[in-house]
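Residue-level listing of the chains:
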2 protein chains.
Amino acid sequence: MKKIMVVGLGPGDKEHMTVQAVEALKEAELICGYSVYIDMAKAVVPDTPTFMTPMTKEIDRCRAALDAASKGTTVAMVCSGDAGVYGMAGLIIELADEFPPVEIEVVSGVTAALSGASVLGAPLVHDFCTISLSDLLTPWEKIEKRLDAAASADFCIAIYNPMSKKRHDYLQKACDIMMRYKSPDTVCGVVRNIGREGEQKWIGTLQQLRDYEGDMFCTAFVGNEQTTVKNGLMVTPRGYQGKSEWNER
Amino acid sequence: MKKIMVVGLGPGDKEHMTVQAVEALKEAELICGYSVYIDMAKAVVPDTPTFMTPMTKEIDRCRAALDAASKGTTVAMVCSGDAGVYGMAGLIIELADEFPPVEIEVVSGVTAALSGASVLGAPLVHDFCTISLSDLLTPWEKIEKRLDAAASADFCIAIYNPMSKKRHDYLQKACDIMMRYKSPDTVCGVVRNIGREGEQKWIGTLQQLRDYEGDMFCTAFVGNEQTTVKNGLMVTPRGYQGKSEWNER
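Residues numbered from 1 in each chain as written. Chains lettered and ligands numbered in written order. Predicted model: local features only at pLDDT ≥ 70, side-chain atom pairs only at ≥ 80, totals over all residues. Heavy atoms only, no water.

### Some thoughts on the pattern of salt bridges
Right, so step 1: Summed over all chains, the structure comprises 28 salt bridges over all chains.
Right, so step 2: Here A:Lys230 makes a salt bridge to B:Asp97, at a shortest N to O gap of 3.4 Å. Remark: B:Asp97 occurs in the loop between helix H4 (89–95) and strand S5 (103–107) and A:Lys230 occurs in strand S12 (residues 228–230); the pair is interchain, linking two chains.
Right, so step 3: Owing to a relative accessible area of 46%, B:Asp97 belongs among the partly exposed residues under this scheme. (Salt bridge = Lys/Arg side-chain N within 4 Å of Asp/Glu carboxyl O. Helix = DSSP H or I, 4+ residues; strand = E, 2+ residues; numbered from the N terminus. Buried < 20%, exposed > 50% of the residue type's maximum accessible area, 1.4 Å probe, protein only.)

Rendered as structure tokens:
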């Protein structure tokens, strides 16, 4: 059966890829993706042919990948993080019926919420949301509504695409919305270049996060009302009854 | 430096572990965890000594692990899925100061939201929440509030611990809450035994999910208003402007 694999590579280096992702790269005869992700894959399989398109040409990229797969080439479409979370798996499935049938295999990976959390400590131990602040494909009103709802119900929140050159004030707006419900002292964190060279982390308060100067390589984390800092690490308890009851359920 | 690693093993088999998790297991001199997770680790390192405690003895388990690490044994505390998401990383960090200093390394892994999503297709391509229906450590009112908020803002939702013998009607209650905002026709899915022998998947509607008969090995997925079924797979679009605009940003 002709096959396309949509492969989540995790945050960057091979160490954070799953065994299945490494195997998928080795199996692939053609690797498709955005140039940065192609470079991540090439660290594992330097000699496999590649096809890249710029960041905003996702549909062209997916169609090229599906076209090659439907003609008999085993293709890996690579994404950073997970294949599904803000990744290409959905678009591949949506576009697949334009081509002769191919098997679609989704290979999950460690998304930035998880890999970033492990750098900060354990900020997402309880219920959490991921929210992207990119309004390229989503109306800002929808993003605002999600920030409001997530904050009102005391979710931990992992914020993807918190800032970019064009969107320098979005994180400020997002923090202002969350502070409708969350204390300005809520413990927050930022990780930059997760799992890559130059990895940096920062831990502070929601009020400080509002004015944090980062870039598109950052993922931000907002705690819930129980999140604390312990030995320099950001920690959210598993439950609300206190650790002494863990052994008494 | 003395070291304890909190290792997320992913859904089950070695294929879904990260390269880093496999290396951590190989490095460990003692593996601590709940018996099911110990078995997952033993498939990789059958000869490493282990220490297990029953499911409800998490504090004892963490203290034993920290005690061993502080005395010089390199310890891996293993969790299914991610080390942080409903995992042990938080408790290890919280309890660490009862013992002489040890380095704590959190090794992230593929949590059930991601691995289950890859089985169903791509249900979590846009903003999503994880919500656990277990009220052992969290008041049910808090869980209800989160279900309500997440549904009101049209999040995709991954539901952990959707049912157990003692909580046969919780998923019904949860679906009723989500149907305050979400259509009964919202596309939903369930994956059982993700990444393990006997893996099963089901795709249906929110109304049908309400009466789904599952068990504690299930993870449930609720789509957003744009989630569809395509070629038997559950798919959530990346954005709200339609795929034709992907190339025109």
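Moving on, there is more to tell.
### Some words on the nonpolar core
Right, so step 1: Ranked by size, the top nonpolar core spans 55 residues in total, and within it A:Leu133, A:Met178, B:Leu133 and B:Met178 carry the most contacts.
Right, so step 2: Once residues within four sequence positions are removed from consideration, B:Leu133 is found in contact with B:Trp140, B:Ile143, B:Leu147, B:Ile159, B:Tyr160, B:Asn161, B:Pro162, B:Arg167, B:Tyr170, B:Leu171 and B:Ala174.
Right, so step 3: By size, the runner-up hydrophobic cluster in this structure holds 38 residues, among which are A:Val110, A:Val191, A:Met234 and B:Val119. (Core = buried A, V, L, I, M, F, W, Y, C linked by side-chain atoms within 4.5 Å. Contact = heavy atoms within 4.5 Å.)

### Describing the interface of chain A and chain B
Right, so step 1: Counting from both sides, the interface comprises 77 residues of chain A and, opposite them, 77 residues of chain B.
Right, so step 2: Taking both partners together, chain A and chain B bury about 7,200 Å²; carbon and sulfur atoms supply 59% of that area.
Right, so step 3: For the pair chain A and chain B, the interface holds 10 salt bridges.
Right, so step 4: Of the charged contacts, one joins B:Asp154 and A:Arg146 as a salt bridge, the two residues approaching to 3.8 Å between their closest N and O atoms.
Right, so step 5: Counting the contacts that link chain A with chain B gives 35 residue pairs in polar contact (both at pLDDT 80 or more).
Right, so step 6: Listing elements by their share of the side of chain A that touches chain B, those giving two or more residues are helix H1 (19–27), helix H3 (58–70), helix H4 (89–95), helix H5 (112–120), strand S6 (121–122), strand S7 (128–132), helix H6 (140–152) and strand S13 (233–235) of chain A.
Right, so step 7: Partitioning the side of chain A that touches chain B into residue classes produces 33 nonpolar, 25 polar and 19 charged. (Buried area = accessible area lost by both parts, 1.4 Å probe. Polar contact = N/O pair within 3.5 Å; in protein donor to acceptor, adjacent residues only side chain to side chain. Nonpolar A, V, L, I, M, F, W, Y, C, P; charged D, E, K, R; others polar.)

### What about the packing of helix H6 (residues 140–152) of chain B against helix H7 (residues 170–178) of chain B?
Residue and element names in this part refer to chain B.
Right, so step 1: For the pair H6 and H7, the least separation of the axes is 8 Å and the interaxial angle reads 40 degrees. In terms of axis orientation, H6 runs oblique to H7. As for how H6 packs across H7, the hand of that crossing is right-handed. On H7, the residues that touch Trp140, Glu144, Leu147, Asp148 and Ala151 of H6 are Tyr170, Lys173, Ala174, Ile177 and Met178. (Axes fitted to C-alpha atoms, helices over the stretch in contact; angles between N-to-C directions. Parallel < 35°, antiparallel > 145°, perpendicular 65-115°, else oblique. Left-handed = near helix turned anticlockwise from the far one by under 90°.)

### A few points about the packing of aromatic side chains
Right, so step 1: In this structure the tally under the stated criterion is 9 aromatic pairs over all chains.
Right, so step 2: Ring geometry for B:Tyr86 versus B:Tyr160: centroids 4.8 Å apart, planes at 50 degrees, classification tilted. Highlighted residues: B:Tyr86 in the loop between strand S4 (75–79) and H4 and B:Tyr160 in strand S8 (residues 156–160), separated in sequence by 74 residues. Considered together, B:Tyr86 and B:Tyr160 belong to a single accessibility category, that of buried residues.
Right, so step 3: Here B:Trp140 and B:Tyr170 contribute two aromatic rings whose centre-to-centre distance is 4.7 Å and whose plane-to-plane angle is 50 degrees, an arrangement assigned as tilted. Of the two residues, B:Trp140 is situated in helix H6 and B:Tyr170 in helix H7; the sequence distance between them amounts to 30 residues. Like B:Trp140, the residue B:Tyr170 is buried in the burial classification.
Right, so step 4: Across the ring face of B:Phe155, the terminal group of A:Arg146 is positioned such that the distance to the ring centre comes to 5.4 Å. (Phe/Tyr/Trp six-rings, centres within 6.5 Å; stacked < 30°, edge-to-face > 60°. Lys NZ or Arg CZ within 6 Å of the ring centre and 35° of its normal.)

### Section: the domain arrangement of chain A
Residues and elements named next belong to chain A.
Right, so step 1: Domain boundaries assigned for chain A yield domain 1 (3–107) and domain 2 (112–235).
Right, so step 2: Between the C-alpha centres of domain 1 and domain 2 the distance comes to 28 Å.
Right, so step 3: In this assembly, 6 residues from domain 1 lie in contact with 8 residues from domain 2.
Right, so step 4: Interface area, domain 1 with domain 2, both sides summed: about 570 Å², of which 62% is carbon and sulfur.
Right, so step 5: Joining domain 1 to domain 2, the criterion identifies 0 salt bridges.
Right, so step 6: Summed over the shared surface of domain 1 and domain 2, the number is 3 residue pairs in polar contact (both at pLDDT 80 or more). (Domains from an automatic or database assignment.)

### Overview of the relation of the copies chain A and chain B
Right, so step 1: Rotating chain A by 180 degrees and translating it 0.0 Å along the rotation axis places it on chain B, where the RMSD comes to 0.0 Å. Within this description, the copies of the chain are treated as partners about a two-fold rotation axis.
Right, so step 2: Taken together, the interface assignments show that 100% of the residues at the interface of chain A recur at the interface of chain B, consistent with an identical surface on both copies. (Least-squares fit on C-alpha atoms with pLDDT ≥ 70 in both.)

### Examining unusual backbone geometry
All names here are of chain A.
Right, so step 1: The residue Asp154 is not glycine, and still its phi comes out positive at about 60 degrees.
Right, so step 2: In this structure, Asp154 sits in the loop between H6 and strand S8 (156–160).
Right, so step 3: On the accessibility criterion, Asp154 (8% relative accessible area) is buried.
Right, so step 4: The phi torsion at Asn161 lies on the positive side, around 50 degrees, for a residue other than glycine.

### Here we look at the pairing of strand S1 (residues 3–8) of chain A
Residue and element names in this part refer to chain A.
Right, so step 1: Burial analysis of S1 places 6 of its 6 residues in the buried class, the great majority of the element.
Right, so step 2: What you see with S1 is no split at all: Lys3, Met5 and Val7 on one side and Ile4, Val6 and Gly8 on the other are buried throughout.
Right, so step 3: With 5 bridges connecting them, S1 and strand S5 (residues 103–107) associate as parallel partners. Opposite Val6, over in S5, you have Val106 as the bridge partner.
Right, so step 4: Bridge count for S1 against strand S4 (residues 75–79) is 5 bridges, and the pairing is parallel. (Pairing = 2+ DSSP bridges.)

### Regarding the sheet that holds strand S6 (residues 121–122) of chain B
All names here are of chain B.
Right, so step 1: Strand order in the open sheet formed by 3 strands is S6-S13-S12, and the pairing between neighbours is mixed. Sheet topology places S6 and strand S12 (228–230) at the edges, where each strand pairs with a single neighbour.
Right, so step 2: For S12 and strand S13 (residues 233–235), the ladder comprises 3 bridges, and the chain directions are antiparallel. Residue Lys230 lies in a different strand from S13, and its bridge partner there is Leu233.

### So, the sheet that holds strand S11 (residues 218–222) of chain A
Right, so step 1: Taken together, the 10 strands give an open sheet; going across it, the order is S10(A)-S9(A)-S11(A)-S8(A)-S7(A)-S7(B)-S8(B)-S11(B)-S9(B)-S10(B), and neighbouring strands pair in mixed fashion. Of all the strands in the sheet, the pair left with one neighbour each is strand S10 (200–205) of chain A together with strand S10 (200–205) of chain B. Across this sheet, the average inter-strand angle for adjacent strands is 15 degrees, counted without regard to direction.
Right, so step 2: Relative to S8(B), strand S7 (residues 128–132) of chain B is paired through 5 bridges, and the arrangement is parallel. Considered in S8(B), the bridge of B:Thr130 is made with B:Ala158.

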